[in-house]
Structure formats: structure tokens, C-alpha cells
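Residue-level structure breakdown
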Amino acid sequence: MRVRNKPWAPELIEAHPEKIVEKGQAFKGQWNQRFEKEQPIFIEVGTGKGQFIINMAKKYPQYNFIGIEIQKTVIAIALKNALEEEIPNLQFLYADGAELTDYFEDGEVSKVFLNFSDPWPKTRHEKRRLTFKTFLKVYEQILVKNGEVEFKTDNQGLFEYSLYSLNNYGMTFEGVWLDLHNSEENEDNIETEYEHKFSAKGQPIYKLKAHF
Ligand code: SAM
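Below, the structure is looked at part by part. (Residues numbered from 1 in each chain as written. Predicted model: local features only at pLDDT ≥ 70, side-chain atom pairs only at ≥ 80, totals over all residues. Heavy atoms only, no water.)

1. Details of the overall build of the protein chain
Check the secondary structure of the protein chain and you find 7 helices and 8 strands. Expected size for 212 residues packed as a compact globule is a radius of gyration near 17 Å; at 16 Å, the protein chain falls within 12% of this value. Summarising its shape, the C-alpha atoms of the protein chain cover approximately 40 × 40 × 35 Å along the three principal directions. The burial tally for the protein chain puts 49% of its 212 residues in the buried class. For the protein chain, the share of sequence-separated contacts (at least 6 apart) that also reach a separation of at least 24 residues comes to 77%. (Helix = DSSP H or I, 4+ residues; strand = E, 2+ residues; numbered from the N terminus. Rg over C-alpha atoms; globule rule 2.2 N^0.38 Å. Buried < 20%, exposed > 50% of the residue type's maximum accessible area, 1.4 Å probe, protein only. Contact = heavy atoms within 4.5 Å.)

This is the structure:
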């Protein structure tokens, strides 16, 4: 998803340093200080416009959530959406998921969510997929021991690739769903923007849960 630059985006980000971080290094090992309560931290890499992370934070006040996004305009839209309500257990980080070891201490994160990540179908772009082995190494480092990754997508090719990539990395699968919306796992499901769009077109949604 490429979004056209919006002139208000940098201004909105600058106006809300209490909610969004642009220089993540400053909080390495100290993310819990940015929240009202010290509690487990869950992150979403590639948070898009924020629908998932905002609703997760509202549903699970016992966890702290950080939405991470590489596109400034996109994270500004997520921030704008989040500011409509007071959500004390939600923060945003403008960053590249490939660099998360610069922004989080080893074991600082309790769970990683990846939702509808860009598929990068060409083989020469494999390294950009958020389930490529170098990304898995980053998640493993910042996650607690045996930390969990949850991944949802509508893209069969990316899902098959991710099963292969996580398995090759030595991760253990806790669950694999080939039609999430018609499964028991859907009971607690929080939809993302992309999920809503694709499932409305009748496409099945794939999901996996795995831990290191
Ligand atoms: N998760 C949202 C959803 O399900 O509706 C957005 C999905 S969108 C297809 C993928 C998002 O991941 C885009 O906003 C993109 O900018 C972001 N993204 C891609 N590569 C990233 C990276 N290396 N680090 C952080 N965000 C990334």
C-alpha cells in the first residue's frame, strides 16, 4: 500500500510526542515508561491505518500495544484515528521493522503481530517479506523467550512462503487456519483494514500462530 504524502502528516506527528515516537533509540529498554501501566508489550509491524492495533488496545487493557509503520503518512493516519479516543495502552513508532533491535531491548516484547504484510511476490524481493529469515531473527531477539508471532493474510503465496520460512527457522506452530472467518479462532478475531476489504470480497483469510 503506497499512500500519497499528506502535508498535515508531519505536523500531526510533531504535535503528539506523547503518542508517537520518531526516534525509537531513545526508548530502547524503556518502552513501558511511555504507558500508564507496566505490562507486557505487544507490537504490530506494518500497522497501516491502525484499525487492528487500536481495537486490540481497547479490547485488552491488560497489555501495552505499539503500532509500527514505515510510511510516515500512513502512521499519521493511524495516529489521527487513535486520537479520537483516550487509549492509554497504545503508542506508535515510525520505523522500519528490519531495525527493531535498535529500538527494543532483548526480550522487551511479548508478542509480534504481522497482518496482511506486503507480499513481494518476486523472488528477488524475498528479503523484503516480513516473514523472511532476517526479520524472524529480529523478532526472536526482541521477543521474550519462546515469544509468539501471529500472522494473518489473504495472500496464499505469502502464507505458503511464511509457513516454509518459519518452519525452516525452527519455529513451532501452535495453530494454522486456512479459513479463519469460518473457524472457532474467529471468535476473538479483531479485523484489520485489509482483512475487512478482502473478506468482503469472499476471499478466505489465512492465519498462523507460532513461537520461537
Ligand atoms: N496491517 C494493515 C492491515 O492489515 O490492514 C496494513 C497492511 S498493508 C498491506 C502493509 C503495511 O506494512 C503498509 O502500511 C506498509 O507501509 C507496512 N510495511 C511494509 N514494510 C514494512 C517494514 N519493513 N516496517 C514497517 N512497516 C512496513
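Having seen the model, we can carry on.
2. What about helix 5 (residues 133-142)?
Of all the residues in helix 5, the buried ones are F135, L136, V138, Y139 and I142. The buried residues of helix 5 occupy an angular sector of 160° when the element is viewed end-on, so they sit on one face. Looking at helix 5, the residues exposed on the side facing more than 90 degrees away from the buried face are K133 and K137. Elements that come into contact with the buried residues of helix 5 comprise strand 2 (41-45), helix 4 (100-103), strand 5 (109-115), strand 6 (143-153) and helix 6 (156-169). (Arc of directions from axis to C-beta.)

3. Description of the pairing of strand 8 (residues 206-211)
It is a general feature of regular strands that their side chains alternate between the two faces of the sheet. The element strand 8 is extensively covered by neighbouring structure, given that 5 of its 6 residues are classed as buried. Across 6 bridges, strand 6 lies against strand 8 in antiparallel orientation. Counterpart to T153 in the pairing with strand 8 is Y206. By the bridge criterion, 5 bridges tie strand 7 (residues 172-177) to strand 8 in an arrangement that is antiparallel. (Pairing = 2+ DSSP bridges.)

4. Re the packing of aromatic side chains
Counted under the stated rule, the structure contains 14 aromatic pairs. Measuring from centroid to centroid gives 5.1 Å for F159 and Y206, while their planes differ by 20°, and the two rings are stacked. Remark: Y206 occurs in strand 8 and F159 occurs in helix 6; sequence separation between them is 47 residues. Of note, R128 hangs over the ring of W120, and the distance from its end group to the ring centre comes to 4.6 Å. Lying over the aromatic face of F198, K197 brings its terminal NZ or CZ to 5.7 Å of the ring centre. (Phe/Tyr/Trp six-rings, centres within 6.5 Å; stacked < 30°, edge-to-face > 60°. Lys NZ or Arg CZ within 6 Å of the ring centre and 35° of its normal.)

5. Considerations on the site of the ligand
Around the ligand there are 19 residues in total, and G46, E69, Q71, G97 and T192 lie nearest to it. Within the backbone of N115, an N or O atom sits 2.9 Å from a nitrogen atom of the ligand. Taking 600 Å² as the accessible area of the ligand by itself, protein coverage stands at 95%. Of the residues belonging to the shell around the ligand, the class tally is 7 nonpolar, 7 polar and 5 charged. Each of two domains, domain 1 (1-105) and domain 2 (117-212), supplies a minimum of three residues to the shell around the ligand. (Near = heavy atom within 4 Å. Polar contact = N/O pair within 3.5 Å; in protein donor to acceptor, adjacent residues only side chain to side chain. Areas by Shrake-Rupley, 256 points an atom, 1.4 Å probe, with all protein chains shown as cover. Nonpolar A, V, L, I, M, F, W, Y, C, P; charged D, E, K, R; others polar. Domains from an automatic or database assignment.)

6. Here's the deal with the pairing of strand 5
For strand 5, the tally of buried residues reaches 6 of 7 residues, placing the bulk of the element in the interior. With 6 bridges connecting them, strand 5 and strand 6 associate as parallel partners. Paired with L114 across the two strands is F151, which belongs to strand 6. Following the backbone out of strand 5, through helix 5 and into the adjacent parallel strand 6, one traces a crossover that is right-handed. (Right-handed = clockwise from strand over helix to strand, strands pointing away.)

The values are spatial; any link to function lies outside them.
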